[in-house]
Amino acid sequence: QVQLVESGGGLVQAGGSLRLSCAASGRTFSSYAMGWFRQAPGKEREFVAVITSSGGSTAYGESVKGRFTISRDNAKNTVYLQMNSLKPEDTAVYYCGRTRVVTTSNIHLATSPIYYGSWGQGTQVTVSS
């Protein structure tokens, strides 16, 4: 059973930056696309970003385009989310997930959490105004 462990969350002022990490156990990390979602209290889980298994393709939610960058290091079994120009509305629990379904040719599927088979426990990001 794979384990995904997020880290790097915290409290930051608006306009600041954070880098989230998601470390995966196991030897099949490079076979999966990896995504980041977030969930604020009382709201549905929202797609943030995805990166394909090789790292060759990425996609972002509209609300974070131009501010967030997803990357991965397959040698370290880790996916990252660099978050810049943070806003109070970015406050949420951030989750990473993995999926075998999403590839470059169907990356639009990445926006739905139903295609992800495993999730981490989440890390809290709080942006103060």
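Source: prediction; values computed, not measured.

## Quick word on the sheet that holds strand β7 (residues 68–73)
Item 1. Sheet architecture is open: four strands sit in the order β1-β3-β8-β7, paired in antiparallel fashion. Single-partner strands in this sheet number two, and they are β1 (4–7) and β7. The average undirected angle you get between the axes of adjacent strands in this sheet is 15 degrees.
Item 2. Bridging between β7 and strand β8 (residues 78–83) involves six bridges; their strand directions are antiparallel. Across the sheet, residue S71 finds its bridge partner in β8, namely Y80.

## Description of unusual backbone geometry
Leaving glycine aside, a negative phi is the common case for residues, and trans is the common case for peptide bonds.
Item 1. Even without being glycine, N77 reaches a positive phi, approximately 55 degrees.
Item 2. Tracing the backbone through its elements, the reader meets N77 in the loop between β7 and β8.
Item 3. We classify N77 as buried; its relative accessible area is 16%.
Item 4. Here S85, not a glycine, exhibits a phi torsion of approximately 50 degrees, which is positive.
Item 5. As for its position among the elements, S85 is in the loop between β8 and β9 (92–99).
Item 6. The exposure class of S85 is partly exposed, given its relative accessible area of 40%.

Each value, and the rule that gives it
For every chain, the first residue of its written sequence is number 1, and the numbers climb from 1 along that sequence. The predicted origin of the model limits local features to residues at a pLDDT of at least 70 and limits the giving and counting of side-chain atom pairs to 80 or more, whereas totals for whole chains, interfaces and linings rest on all residues. Hydrogens and water are ignored here; the side-chain numbers use all heavy atoms of the structure. Two strands pair if DSSP finds at least two bridges between them. Secondary structure follows DSSP: runs of H or I at least 4 residues long count as helices, runs of E at least 2 residues long count as strands, and numbering of each begins at the N terminus. Simply put, an axis is a line fit to the C-alpha atoms, just over the touching stretch for a helix, and the angle between two N-to-C directions goes from 0 to 180 degrees. The buried label applies to any residue whose accessible area, calculated with a 1.4 Å probe on protein chains only, is under 20% of its type's maximum; exposed applies above 50%, and partly exposed to all values in between.

Coordinates in, geometry out; function isn't part of it.
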